[in-house]
Amino acid sequence: MRISFHVIRFVLSILILTSSVYSYAGRKVENFNKSWRFHLGELSEDAASPAYDDSEWRNVRLPHDWAIAGPFNPEENGYAAKLPWRGAGWYRKTFRLDQEDAGKRVYLDFDGVMAFPKIYINGQFAGEWDYGYMSFRVDATPFVNIGEENVIAVKVDTQNQGTRWYPGAGIYRKVTITICEPVHAAHWGLFITTPEVKTESASIQVKAVVENHSDADSSVSILYELFDPQGRLAVQSKQSESIVSNASSEFTQILKILNPQRWDIDDPNLYLAQVTVFDNDKVVDIETSTFGIRTFRFTADDGFHLNGRRVQLYGVNLHHDHGPLGATFYPRAMERQLEIMRDMGCNAIRTSHNPPAPELLDLCDRMGFVVWDEAFDKWDRTAGRVRGEPPLREYGERQIRNFVMRDRNHPSVVTWSIGNEIPNQPWSREGKSAERVAFMSDFVREYDPTRPVTIGCHIPSTADEHILDAVDMTGWNYARRYANYRKNYPDKPILYSESASALSTRGFYALPLPDSKTAFNQEALQVNSYDHNAARWSDLADVEFQLMEDDRFVGGEFVWTGFDYLGEPTPFSREARSSYFGIVDLCGIPKDRFFIYRSYWRPEETTIHILPHWNWPERIGQTVPVYVYTNGDSAELFLNGRSLGKRSKQKTITAPISLAFNKPATIGSGEEEGEDAPPDGNDGSRNTSWVSSRQNPVKWWRVDLGESQHVGFIDILFDQEARNYQYRIEASQNGSDWKVLAEKNDWLGSTQRMTHETNAEARYIQIVFTELNRRAQPGFWEFCVYPERVENPYYAVLDKYRLRWMDVIYEPGELKAVAYKNGQIIGESVMRTAKEPTAIRLTPDRIKLDASGEDMSYILIEALDEDGTLCPLAENKVEFEIEGPADIAGVGNGNPLSYEPFHADSRKLFFGKAMLILRTIDGETGEIRIKAKSDGLKEGEARLVSY
């Protein structure tokens, strides 16, 4: 029996997107998502009984996240989105097995349940799992009744789950039921590798584990068939072996494919392996898996190589939630995220920081992304371990087994990560040690020895010990923290596993511009979209671009993050409920930052983007800085037809030079003469810092300018937020007689940067620390001295990657940027002043939908003026009416401060935009008509079709 490649792919897609049943050769697989009932709250174990009355429970369809509907709790810290995710819930479903299923094996596969699920079948405990992000299987065979109704009950309890962001709650990924003969291919037992790949041929090793659950020995044969990307049979082979009763056996075969079509990010060719299992010459099972033929390697000195060429990884970190949908996983929602990232130029995904839904990897295989596949955030409660139990060795082996066996056939996966930002022992009981890193790495290699093992690190001193010896390579998060590792492990590859952590709010602009990366708008509680801000531990996109150019030995960067996500709302964690980190907002609407990444990551594709909006009635006659993000090397800006000049990107960075740069500095703790200070505090680098030790605390730091000079401006970038320091700055001509230039006698300052305008002639400048927060030590990244006020030197790098007109005098009308590359015009972009809103426009991302019950259309809602110009300040409330076979799956607008529910039929616009997410209804076809109404505006309308 042979099933073609195209049939298999069609069947697999149907299984993912619908609730239909497919069967062949003794195996039947059914999507198990329909017809569940749900109860929120604690119940006794009686709720598992088939006789329990669940008629008052709510009908739900999986996947399901009970917490995303809210309500938000404004009083709670925003770390987990202010949503009610902590609690317990019960799910129940009635199902029937046909008489023809007698004597067969019955398995239930859960892709993800948050958290600690206990599964009961017909009142009997059937299984459990203890990691909410990991897929697992329950053998239902001993508990089901054939030819009768069966009841499955699942208890979910998130109360012991630890998290740093919104984890979701419930059975949030799909469930399937598999019914097969007693002799069948084992779950995740197919393992495909490519031990040798050449231009003319490739060797494909196929390992297949077959289980025999019958009471008799079986004479088993396996037919191996490999199909090429066009669906043609490329090669086949057969082998036989006897398997004793209630045992399993691993079959191995090496097949050769001629002229292989390689999997690559630009051409993701996929082959299909089909294994047909015969029991005494009768076909009893067929197992399939797609795979790719490619070579890759990480090098210590030249980054990442794919199929023999160096590839710079332009990656992003993606969390598991989907904004208004919560943790609920829909393949279309994930596909849309990847489409947006690919348009930006992204070619790599890090699954931060947990195993993803398996469909993510299917999509990455098909779309051409390489993947850093990550097992854990930390090894404590965030990984499902409560008070150190179960022991890490036992727990880690079990979780990594499922993790690696599930994902190892995906060509997109190029490295396995055993964790992220795990503190070190003995500082943390559940931290990492050389022993722990070694056995966790070995667990991975037991199930896949073909890919490197890595870990995401954030403590530079870790590399000074031997904790990381067992990993093959290491990822480092932020601020060139990999420097020690590079020095101590020069032969091991490095990835920049988290970069940027830049922050912005889509559509929000405020003047004056931030003068440091941590100068946030405390009044609006939004982050300026001029892209001047980053978290205190991190940097702007431009700074990271320069770093990756300088450090070519690094394989590439994974930006934190591709999308905004629920929780972790730095820098306003008390007030906000979702992050500001994303390159696009929570609904997938691009922020300005999207276009600077696109202009750099896709240099051959035309990008021309102007910011800010051009509606500033309060600033007529005043300056409004204008930025242009383009892949061109220069652009000319026009305001109402008048040229405002041409700007070109700088080939080199021309930061102002501090008078203190590399001048001798001393430190001391009293009146005595000081000792030489390390150069890190005035070496001109934002990658090195001087910090006093706790053992020998320093009171003052002093620099000798070499000769008397005019000091007009002091710029200090502290090691921590400025609120941790009180100090005074003093000047002297002789090093003995001191004049106070500036003082800070309060505990204010939410940024790390402090500037002081001064007016003095001096040879010596010193900072005297008068009071310190108990958590702080004297220290700073840079202490800069200038004869006059300067722009923060940190921003000098911006002119290499973006174009800036800082002195544009605002007047309403039209801004136009004409971009050039190598002297030739490549295109133009226009920004116009909008009038009052008059109409609503709807723009669906897709018109034709599958009537599967899980297909979706994302519909952009915008307010326009009478000329069709977007109104960038509109905040109108928009109400939605849906006719036809579709439901509202969620609504949003990208505002991190909004407490409007995601499950609603209306949404307030946020800077002129919002998003409506529609989901089809299973089995119902026809036209879908959407109306969007807002008081005083012409209604918007869109039509879709479900078929």
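Criteria and thresholds
- Every chain begins its residue count from 1, and numbering advances along the sequence as written.
- Note on the predicted model: pLDDT of at least 70 is required for a residue's local features to be given, and 80 or more for side-chain atom pairs to be given and counted; whole-chain, interface and lining totals, by contrast, use all residues.
- Remark: hydrogens and water are excluded; side-chain values derive from all non-hydrogen atoms of the structure.
- Strands are runs of DSSP state E lasting at least 2 residues, helices are runs of H or I lasting at least 4, and numbering of each runs from the N terminus.
- For this measure, only C-alpha atoms enter the radius of gyration; the expected value for a globule follows 2.2 Å times N^0.38, where N is the number of residues.
- Type-normalised accessible area, obtained with a 1.4 Å probe on protein chains alone, sets the label of each residue: buried when under 20%, exposed when over 50%, and partly exposed for intermediate values.
- Any two residues having at least one pair of non-hydrogen atoms within 4.5 Å are treated as being in contact.
- Here, Shrake-Rupley sampling with a 1.4 Å probe gives the accessible areas, and only protein chains in the shown set may cover a residue.
- Under the counting rule used here, the positive set is Lys and Arg, the negative set is Asp and Glu, and His together with the chain ends is not counted.
- In this description, the location of a charge corresponds to atom NZ of lysine, CZ of arginine, CG of aspartate or CD of glutamate.
- Strands were regarded as paired on the criterion that DSSP finds at least two bridges between them.
- In this description, a nonpolar core means a group of buried Ala, Val, Leu, Ile, Met, Phe, Trp, Tyr and Cys residues linked to one another through side-chain atoms lying within 4.5 Å.
- Polar contact criterion, stated in full: a pair of N or O atoms within 3.5 Å, where within protein one must be able to donate a hydrogen and the other to accept it, and residues adjacent in sequence count only if both atoms are side-chain atoms.
- Between Lys or Arg on one side and Asp or Glu on the other, a salt bridge is scored when a side-chain nitrogen of the former is within 4 Å of a carboxyl oxygen of the latter.
- Here a helix's expected span is defined as the number of its residues, less one, multiplied by 1.5 Å.
- Inter-axis angles, ranging from 0 to 180 degrees, are taken between N-to-C directions of lines fitted to C-alpha atoms, where helices are fitted over the stretch in contact.
- With the far helix as reference, a near helix turned anticlockwise by less than a right angle produces a left-handed crossing, and one turned clockwise produces a right-handed crossing.
- Should an angle fall under 35 degrees it is called roughly parallel, over 145 degrees roughly antiparallel, and 65 to 115 degrees roughly perpendicular, with every other angle called oblique.
- Charged residues are taken to be Asp, Glu, Lys and Arg, nonpolar residues to be Ala, Val, Leu, Ile, Met, Phe, Trp, Tyr, Cys and Pro, and polar residues to be all remaining types, Gly included.
- Within 6.5 Å between ring centres, the rings of Phe, Tyr and Trp (the latter by its six-membered ring) count as paired, and their orientation is classed by plane angle as stacked under 30 degrees, edge-to-face over 60, tilted in between.
- Lysine and arginine charges are scored as sitting over a ring when NZ or CZ, respectively, is within 6 Å of the ring centre and within 35 degrees of the ring normal.

Draft legend 1. Expanded view of the overall build of the protein. Across its full length, the protein holds nine helices and 53 strands. Against the 2.2 N^0.38 benchmark of 30 Å for 947 residues, the protein shows a C-alpha radius of gyration of 30 Å, consistent with a compact globule. Referenced to the eigenvectors of the C-alpha coordinate spread, the extents of the protein come out at roughly 100 × 65 × 60 Å. Counting over 947 residues, the protein shows a buried share of 63%. Taking contacts inside the protein between residues at least 6 apart in sequence as the whole, the part at least 24 apart equals 71%. Only carbon and sulfur atoms are counted for the fraction: they give 46% of the accessible area of the protein, which is about 35100 Å². If you average the places of the 106 positive and of the 136 negative side-chain charges in the protein, the two averages end up 1 Å apart.

Draft legend 2. Molecular detail of the sheet that holds strand β19 (residues 296-299). Pairing in this open sheet of three strands is antiparallel, and the strands run β19-β20-β21 from one edge to the other. Of all the strands in the sheet, the pair left with one neighbour each is β19 and β21 (309-310).

Draft legend 3. Representation of the nonpolar core in the model. Membership of the largest hydrophobic core comes to 163 residues, with the highest contact counts inside it found for Tyr 91, Phe 110, Ile 152, Val 316, Leu 338, Ile 418 and Tyr 597. Core analysis: the next-biggest nonpolar cluster, separate from the first, contains 31 residues, Ala 665, Ala 677, Ile 767 and Phe 769 among them.

Draft legend 4. Structural view of the side chain of Asn 724. Position of Asn 724 relative to the elements: it lies in the loop between β37 (700-718) and β38 (725-732). Relative accessible area serves as the criterion here: at 6%, Asn 724 is assigned to the buried category. Engagement of the side chain of Asn 724 in a polar contact is seen with the side chain of Gln 720, the distance being 3.4 Å. Not counting chain neighbours up to four residues away, the residues in contact with Asn 724 comprise Trp 747, Glu 771, Leu 772, Asn 773, Arg 775 and Ala 776.

Draft legend 5. Representation of the pattern of salt bridges in the model. Per the stated rule, a full pass over the model turns up 70 salt bridges. Residue Glu 196 pairs with Lys 198 through a salt bridge whose shortest N-O separation is 3.7 Å. By relative accessible area, which is 38% here, Lys 198 ends up partly exposed. When the shortest N-O distance is used, the salt bridge between Arg 728 and Glu 730 registers 2.4 Å.

Draft legend 6. Fine view of helix α3 (residues 358-367). Burial analysis of α3 places eight of its 10 residues in the buried class, the great majority of the element. The complete set of buried residues in α3 reads Pro 358, Glu 359, Leu 360, Leu 361, Leu 363, Cys 364, Asp 365 and Met 367. Just beyond α3, the residue with positive phi is Gly 368, at close to 90°.

Draft legend 7. Structural detail: the environment of Pro 167. Mapped onto the secondary structure, Pro 167 falls in the loop between β10 (149-157) and β11 (175-180). The residues contacting Pro 167, other than those within four sequence positions of it, are Trp 85, Met 114, Tyr 133, His 320 and Ala 327.

Draft legend 8. How the structure looks around helix α4 (residues 392-407). The terminal C-alpha atoms of α4 lie 22 Å apart, and with 16 residues this matches the ideal 22 Å at 1.5 Å per residue to within 8%. The secondary structure elements touched by the buried residues of α4 are β9 (136-139), β12 (183-197), α3, β24 (370-374), β25 (413-420) and α5 (434-447).

Draft legend 9. View of the packing of α4 against α5. Contact geometry of α4 with α5 gives a least axis separation of 9 Å together with a crossing angle of 35°. In the crossing of α4 with α5, the sense of the turn from one axis to the other is right-handed. For the pair α4 and α5, contact is made by Leu 392, Arg 393, Gly 396, Glu 397, Ile 400, Arg 401, Val 404 and Met 405 and by Glu 435, Arg 436, Phe 439, Met 440, Phe 443, Val 444, Glu 446 and Tyr 447, respectively.

Draft legend 10. Looking closely at the packing of helix α2 (residues 331-344) against α3. At a closest axis distance of 10 Å, the pairing of α2 and α3 adopts a crossing angle of 40°. In terms of orientation, α2 lies oblique with respect to α3. Along this stretch, α2 crosses α3, giving a crossing that reads as right-handed. Here Pro 331, Met 334, Glu 335, Leu 338, Glu 339 and Arg 342 of α2 lie close against α3, whose contacting residues are Glu 359, Leu 360, Leu 363, Cys 364, Arg 366 and Met 367. For the contact of α2 with α3, the residue count by class is seven nonpolar, no polar and five charged.

Draft legend 11. Examining the packing of aromatic side chains more closely. Taken as a whole, this structure holds 54 aromatic pairs when the rule is applied. A ring pair is formed by Phe 572 and Tyr 580, whose centres lie 5.7 Å apart and whose planes are at 75°; its orientation type is edge-to-face. Of the two residues, Phe 572 and Tyr 580, neither departs from the other in class, the shared state being buried. Here the guanidinium or amino end of Arg 137 rests over the ring plane of Tyr 107, the centre of that ring lying 4.2 Å away.

Draft legend 12. Highlighting the sheet that holds strand β3 (residues 36-40). Within the open sheet, the six strands sit side by side as β4-β3-β5-β10-β7-β8. Their pairing is antiparallel. Across the chains shown, the open sheet's two edge strands, defined by having one partner strand only, are β4 (58-60) and β8 (124-128). Taken pair by pair, the neighbouring strands of this sheet meet at an average axis angle of 25°, ignoring direction. By the bridge criterion, four bridges tie strand β7 (residues 118-121) to β10 in an arrangement that is antiparallel. Each bridged residue has a counterpart across the sheet, and for Lys 118 the counterpart in β10 is Lys 155.

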